Amino acid sequence: MFKVLITEHIHEEGLKELYEAPDIEVILRLNMSQEELCDAVKDMDALITRSGTAVDKKLLEAGKKLKVVARVGVGVDNIDLGAASKMGIIVLNSPTGNTLAATELTMGMIFSIARKIPQANNSLLSGEWKREKFLGTQLYGKTLLIVGLGRIGSSVATRAKALGMEIFCYDPYINPKKAENLGVKRLDDLRGALSLADFVTLHVPLTHETRNMINEETLKSTKRGAYLINCARGGIVNEGACAKALKEDRLAGAAFDVHVVEPAKESSLFDPAIIEKVVVTPHIGANTREAQRAVAEIVVKNLIKALSG
Ligand code: NAD
C-alpha cells in the first residue's frame, strides 16, 4: 500500500482516480507548520502540493520513503529540485492544465487596467457617477511586449493579436520559428523591447535569471505611460521600483496577480497614492473550475504511473 500525503486544497473531482486506486491510501492534512509537515511526511511514498508548501531540503530529507513529489500546477519554484534530484525523488507537475485559465486572467488584467474597470466599479458602488475620471486607453493598434513566449505567452499572443495589437516578445530560449509562426516579432534585448511597448506582460518562470528582472534600472527603459502586467510569479518584478514608477507617472498602470510575499498583506503596490493605477488579485490565475480539475487529473495520472514503476 502506498501512502500519499496531500498538503493543500485540491479539486476533488481531479483526485477521483487517486481515491479509487486500490493500492493507495490518501492522507489529507492542510495548514500544517513546516515542523508538522516534516513529521507527517516521514512514512509517505508521495506528496501532493500546490504552490503554498515549501518543499525544501529538510522536508525532503524527512521523507525517508518519499519517491514522488507532485505539484498540482506549473511553477515548481517552491520545490528544491536540486535536492530532490540528488535523493532520486521524482518531481511531477501539470504544466498544461492551467494555460487557458492564466491566459484568460491575463487578458482580463489587460482590459481592467486599460479601462480602469475595478476602480470604476468601486467608484459607482460608493455612490459616485464620474465618467470623466475613467478615461481609458484603446488596445487596438497598441504594442504588447510578451516576456516569455511559452505556453501562456503564446496563448496571450494569439488573443492579443485578435484585438489588433502589435506583438513583440523577449524570450532568448525559443526557436525563432515559433515567434514567426505566431506573427510575433522577437527582440533579443530586454531594454530595447521595453522601450517599444505600450503594454508589457510577463510569462516567464521564477528563476535566478528572472528574479528581479523588472527592477529600478530596467523600468527606466519602459515607454512613458506603459502598463505592466504580472500574472507569472511574484519576485520577477521589484514591487518597490514598480510603485515608484507609478508614482512618477512613468508607468500608467500595473496589474498583478502574483506577489513577492504571498499571502500578500502588505506591498508597495497597495499604497493609497497609486490605488487608481493598480489592479491586484490574490494569485487566482489558475482558479477556474476547468483548470483546477485538469491540473489535478494530470498530476494524479502521472503520480499513479510513477508509484507503480
Ligand atoms: P512555459 O515554460 O511554457 O513558458 C515559459 C517561457 O519563459 C519559455 O518560453 C522560456 O523560454 C521563457 N523564459 C525562461 N527564462 C527566460 C528569461 N530569462 N527571459 C525570457 N524568457 C525566459 O511556462 P507557462 O506554462 O507559459 O507558464 C509561465 C509561468 O506562468 C509559470 O512559470 C508560472 O510561474 C506562471 N503561472 C502563473 C499562474 C497564476 O496563477 N498566476 C498560473 C499558471 C502559470
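Scroll up for the structure.
As the structure is a prediction and not an experimental result, all values here were calculated from the model. (Residues numbered from 1 in each chain as written. Predicted model: local features only at pLDDT ≥ 70, side-chain atom pairs only at ≥ 80, totals over all residues. Heavy atoms only, no water.)

The next thing to look at is the site of the ligand. By nearness alone, 27 residues border the ligand, and Arg-151, Ile-152, Asp-171, Glu-209 and Asp-257 come closest of all. Here an oxygen atom of the ligand sits 2.8 Å away from a polar atom, N or O, in the main chain of Ile-152. Here an oxygen atom of the ligand sits 3.3 Å away from a polar atom, N or O, in the main chain of Gly-285. Residues of the shell around the ligand, tallied by class, amount to 15 nonpolar, seven polar and five charged. (Near = heavy atom within 4 Å. Polar contact = N/O pair within 3.5 Å; in protein donor to acceptor, adjacent residues only side chain to side chain. Nonpolar A, V, L, I, M, F, W, Y, C, P; charged D, E, K, R; others polar.)

Another aspect to go through is the nonpolar core. The nonpolar side chains of a soluble globular protein tend to be buried, and buried together. Within the largest apolar cluster, 32 residues are counted, with the highest numbers of intra-cluster contacts made by Leu-145, Val-147, Leu-228 and Cys-242. Breaking this core down by element, the ones donating at least two residues are strand 6 (143-147), strand 7 (166-170), helix 9 (190-194), strand 9 (199-202), strand 10 (226-230), helix 11 (239-247) and strand 11 (251-256). Here the element with the most residues in this core is helix 11; it accounts for five residues. In this structure Cys-242 touches Leu-219, Leu-228, Val-237, Leu-251, Ala-254, Phe-256 and Leu-269, once residues within four positions along its chain are discounted. If you look at the next biggest cluster of nonpolar residues, it comprises 25 residues, including Leu-139, Val-156, Cys-169 and Val-279. (Core = buried A, V, L, I, M, F, W, Y, C linked by side-chain atoms within 4.5 Å. Buried < 20%, exposed > 50% of the residue type's maximum accessible area, 1.4 Å probe, protein only. Helix = DSSP H or I, 4+ residues; strand = E, 2+ residues; numbered from the N terminus. Contact = heavy atoms within 4.5 Å.)

The next subject is the pattern of salt bridges. Overall, the coordinates contain 21 salt bridges when judged by the stated rule. With its nearest N and O atoms 3.6 Å apart, the salt bridge here joins Glu-61 to Lys-57. Taken as a pair, Glu-61 and Lys-57 lie in helix 3 (residues 57-62) at a separation of four residues, close to a single helical turn. Residue classification places Lys-57 among the partly exposed positions, given a relative accessible area of 46%. A salt bridge links Glu-216 to Lys-244; the nearest nitrogen and oxygen atoms lie 2.8 Å apart. Of the two residues, Glu-216 is situated in helix 10 (residues 216-219) and Lys-244 in helix 11; the sequence distance between them amounts to 28 residues. By relative accessible area, which is 36% here, Lys-244 ends up partly exposed. (Salt bridge = Lys/Arg side-chain N within 4 Å of Asp/Glu carboxyl O.)

A few words on the sheet that holds strand 12 (residues 278-280). Pairing is parallel across the open sheet formed by seven strands, whose spatial order is 8-7-6-9-10-11-12. Two strands lie at the open edges of the sheet, namely strand 8 (185-186) and strand 12, each paired on one side alone. Pairing analysis gives five bridges linking strand 6 to strand 7, with the strands arranged parallel. Across the sheet, residue Val-147 finds its bridge partner in strand 7, namely Tyr-170. Taken strand by strand, helix 11 contacts strand 10, strand 11 and strand 12, and its axis lies near 145° from that of strand 11. (Pairing = 2+ DSSP bridges. Axes fitted to C-alpha atoms, helices over the stretch in contact; angles between N-to-C directions.)

The next point concerns the packing of aromatic side chains. Counted according to the given criterion, the structure contains one aromatic pair. Summarising the aromatic geometry, the rings of Phe-199 and Tyr-227 are spaced 4.7 Å apart at their centres and angled 10° between planes, so their arrangement reads as stacked. One end of the pair, Phe-199, is in strand 9; the other, Tyr-227, is in strand 10, and 28 residues separate them in sequence. You'll find Phe-199 and Tyr-227 in the same group, each marked buried. (Phe/Tyr/Trp six-rings, centres within 6.5 Å; stacked < 30°, edge-to-face > 60°.)

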